[in-house]
Amino acid sequence: MGNGCVSKPESEDKGLIAQKKAASPSVAIIYYSTYGHVKTLAEQIKKGLESTGVNVDLFQIPETLSPDVLKAMSAPDKPKDVMQLDLDFIKKLPEYDGLMFGMPTRFGMMPAQMKACFDATGQLWQSGALAGKLAATFVSTGTQQGGQETTHFTAITSLVHHGMAYVPLGYQAGGDGQFDVSEIHGGSPWGASTLAGGDGSRQPSELELKIAGKHGEVFGGAVKRSVAPAASREFKVAVVYYSMYGHIKKLADEMAASMKEDGVTVDLFQAPELLSEEVLKKMGAPAKPADAVMDHANVGKLADYDGLVFGVPTRFGSAAAQMKAMFDSTGSLWQSGALAGKLCATFTSTGTPNGGQESTHMTTLTNMVHHGMIYVPLGYQAGADAFDMTELHGGSPWGASTFAGPDGSRQPSAVELRIAKQQGKVFAAKVKQMSK
């Protein structure tokens, strides 16, 4: 009968009644913890958040397992001094400036308790109430490499569908032991984490707690940026893309024009070509556009922009080699942390429906997470065009997209161009909000 935030066993202690206590700037930390590891991280993250001047409310997700099962698992009692999230209070989550979700892994992804909680946010999704809110994740796993990354990775889908901006840790905890290889520890570019051990007996280490505190500081800084008065200056966005047959270029131009309409300066760059002229000719590829090339000489310029939008055609469900090579050339920016906290987004083109329309965004996101960039998805903010079922079209909660067809002959449709335009507006608004 358990259904996360909807219902739970009658005999289980309910904890404190949920209420919003934190004044703006405010963050809700929402976690589920079986043995207490995630709760310990949550408390440390709370300290990090509060050190930046952000106010925090802590919530635990209701248990769906019966007391008998929990006893057999040797799980301790739930804390009685932590507020328990319930269905009624979920409606108040939009009152927070940021949301952080803590979860243990179950087979490399979130547990049923956390999933049930996300499933209970349908009304918020329908109204778009969480679109644009900042979000982050932290996790616990039983073993090394047993969900330390994939638990974050798969949880992001829920945030993206809400249109929430994902704030990863990147390597901003480098000075707090993130690079340490002398001991076993959690913590990844996605966020704070701990290792519980196969029997749950290992507790978060001092190093893991330091990383958790830093994660709180990073998220708190982003939240404060989001609520600070808008800056009065020029805002700059770079659209970096690769386009073989022109489909991505058309989406890029539409997005750039949309952002310019909203007062943002936009520069277009194309990724360097890796194929020879002879090969391109045999493939029937047209001449390249006049946009500047994002080569090694120009890569350093990316740090000068407030936001970066990446246009990525798919190759077998992930980024084309030309775009991957471009990301690979940003090593010096990664080493200096120059892109940490920058806003970013993606758009794509695939040959067929469902042939990379989502996975290309997802797999490309890893590059940006390692840089510590804040990912701004489209969500369902394209409105009627996103829900249109009268014709075949691209566009997903991740971002704008088009179908090129197996021979590259299909061009972006009017619906797809409108979705690209709307993504430009969504991204421009976020850049103005977050760039101080």
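Just so it is clear, the model here is predicted, and its values are computed rather than measured. (Residues numbered from 1 in each chain as written. Predicted model: local features only at pLDDT ≥ 70, side-chain atom pairs only at ≥ 80, totals over all residues. Heavy atoms only, no water.)

Observations concerning unusual backbone geometry
Look at the link from S24 to P25: it is a cis peptide, with omega at -5°. Summarising the element assignment, P25 is placed in the loop between strand 1 (16-17) and strand 2 (26-31). Positive phi, normally seen in glycine, also occurs at F316, with a value near 60°. (Helix = DSSP H or I, 4+ residues; strand = E, 2+ residues; numbered from the N terminus.)

A short note on the nonpolar core
Membership of the largest hydrophobic core comes to 62 residues, with the highest contact counts inside it found for I30, F59, L93, L99, F101, F310 and M323. Setting aside anything within four residues of it in sequence, one finds I30 in contact with F59, I61, L85, L93, L99, M100, F101, G102 and M114. Judged by nonpolar contacts, the second largest core, of 53 residues, contains V82, A192, F347 and I374. (Core = buried A, V, L, I, M, F, W, Y, C linked by side-chain atoms within 4.5 Å. Buried < 20%, exposed > 50% of the residue type's maximum accessible area, 1.4 Å probe, protein only. Contact = heavy atoms within 4.5 Å.)

Focus: the environment of D180
Relative to the helices and strands, D180 is located in the loop between strand 7 (165-166) and strand 8 (193-195). The exposure class of D180 is partly exposed, given its relative accessible area of 26%. With 21 residues separating them along the chain, D180 and L159 place their C-alpha atoms 30 Å apart. Among the polar contacts listed, one links the side chain of D180 to the backbone nitrogen of E183, at a separation of 3.3 Å. (Polar contact = N/O pair within 3.5 Å; in protein donor to acceptor, adjacent residues only side chain to side chain.)

Here's the deal with the pattern of salt bridges
Taken as a whole and assessed by the stated rule, the structure comprises 16 salt bridges. Between K39 and E43 there is a salt bridge, with the nearest N and O atoms lying 2.2 Å from each other. In this pair, K39 and E43 both sit in helix 1 (residues 37-51), four residues apart, roughly one turn of the helix. For K39, a relative accessible area of 15% gives the class buried. Between E278 and K282 there is a salt bridge, and its shortest N-O distance comes to 3.8 Å. Of the two residues, E278 and K282 are both situated in helix 9 (residues 277-282); the distance of four residues between them amounts to about one turn of the helix. Salt bridges sharing partners connect three or more residues here, namely K249, D253 and D291. (Salt bridge = Lys/Arg side-chain N within 4 Å of Asp/Glu carboxyl O.)

A few points about the packing of helix 8 (residues 247-261) against helix 15 (residues 414-434)
At their nearest, the axes of helix 8 and helix 15 sit 8 Å apart, and the two run at 45° to each other. With respect to helix 15, the element helix 8 is oriented oblique. The element helix 8 and its partner helix 15 pack so that their crossing is right-handed. Listed contacts from helix 15 to K250, L251, E254, M255, S258, M259 and E261 of helix 8 are E416, L417, A420, K421, Q423, G424, K425, F427 and A428. Here the contact of helix 8 with helix 15 is built from residues that sort into seven nonpolar, three polar and six charged. (Axes fitted to C-alpha atoms, helices over the stretch in contact; angles between N-to-C directions. Parallel < 35°, antiparallel > 145°, perpendicular 65-115°, else oblique. Left-handed = near helix turned anticlockwise from the far one by under 90°. Nonpolar A, V, L, I, M, F, W, Y, C, P; charged D, E, K, R; others polar.)

Focus on the side chain of D385
Note that D385 resides in helix 14 (residues 384-387). For D385, a relative accessible area of 14% translates into the label buried. When neighbours within four sequence positions are excluded, D385 is seen to be in contact with H393, V415, R418 and I419.

With respect to the packing of aromatic side chains
Within the structure shown, the criterion is met by 14 aromatic pairs. Plain terms: the ring middles of F269 and Y305 are 6.2 Å apart, the flat faces sit at 85° to each other, and that makes the pair edge-to-face. Taken as a pair, F269 in strand 10 (residues 265-270) and Y305 in the loop between helix 10 (296-299) and strand 12 (307-315) lie far apart in primary sequence, 36 residues in all. Both residues of the pair, F269 and Y305, belong to the buried class. An aromatic cluster is present here, built from F59, F89 and Y96 joined pairwise through their rings. Across from the ring centre of Y96, 4.8 Å away, lies the NZ or CZ of K20, which sits over that ring. Geometry around Y305 places K236 over its ring, the cationic atom sitting 4.9 Å from the centre. (Phe/Tyr/Trp six-rings, centres within 6.5 Å; stacked < 30°, edge-to-face > 60°. Lys NZ or Arg CZ within 6 Å of the ring centre and 35° of its normal.)

Remarks on helix 8
If you check helix 8, its first and last C-alpha atoms are 22 Å apart, about what 15 residues at 1.5 Å a residue would give, namely 21 Å. Of the positions making up helix 8, those classed as buried are H247, I248, K249, L251, A252, M255, A256, S258 and M259. On the buried face of helix 8, the contacting elements are strand 9 (236-241), strand 10, strand 12, strand 14 (343-350), strand 16 (401-403) and helix 15. Two residues or fewer after helix 8 comes G263, characterised by a positive phi angle close to 85°. (Expected span 1.5 Å × (residues − 1).)

Describing the side chain of H393
Note that H393 resides in the loop between helix 14 and strand 16. Within the local environment of H393, its side chain forms a polar contact with the backbone oxygen of D388, the two atoms lying 2.9 Å apart. The residues contacting H393, other than those within four sequence positions of it, are D385, A386, D388, F403, R410, S413, V415, E416 and I419.

Some details on the UniProt feature "domain: Flavodoxin-like" (unreviewed entry) in the protein
On the UniProt side, "domain: Flavodoxin-like" (unreviewed entry) is annotated at positions that read residues 27-219 and 237-427 here. Secondary structure across residues 27-219 divides into 34% helix and 17% strand, with the first and last C-alpha atoms of the span separated by 9 Å. (UniProt positions renumbered as here; feature names shortened; annotations may be inferred.)

A few points about the pairing of strand 5 (residues 98-104)
Looking along a regular strand, one sees the side chains alternate between the two faces of the sheet. Within strand 5, seven of the seven residues are buried, which leaves it mostly tucked inside the rest of the structure. Alternating residues of strand 5 divide into G98, M100, G102 and P104 and L99, F101 and M103, and every residue in both groups is buried. Where strand 2 lies against strand 5, five bridges are found, and the strand directions are parallel. In the sheet register, Y31 faces strand 5, and the bridge partner there is G102. The pairing of strand 5 with strand 6 (residues 134-141) spans seven bridges and is classified as parallel. (Pairing = 2+ DSSP bridges.)

Looking at the pairing of strand 3 (residues 55-60)
Burial analysis of strand 3 places five of its six residues in the buried class, the great majority of the element. As paired elements, strand 2 and strand 3 share six bridges and run parallel to each other. By the bridge assignment, I30 is partnered in strand 3 with F59. With respect to chirality, the unit in which strand 2 leads through helix 1 into the neighbouring parallel strand 3 is right-handed. The pairing of strand 3 with strand 4 (residues 83-84) spans two bridges and is classified as parallel. Bridge pairing in strand 4 places F59 opposite M83. (Right-handed = clockwise from strand over helix to strand, strands pointing away.)

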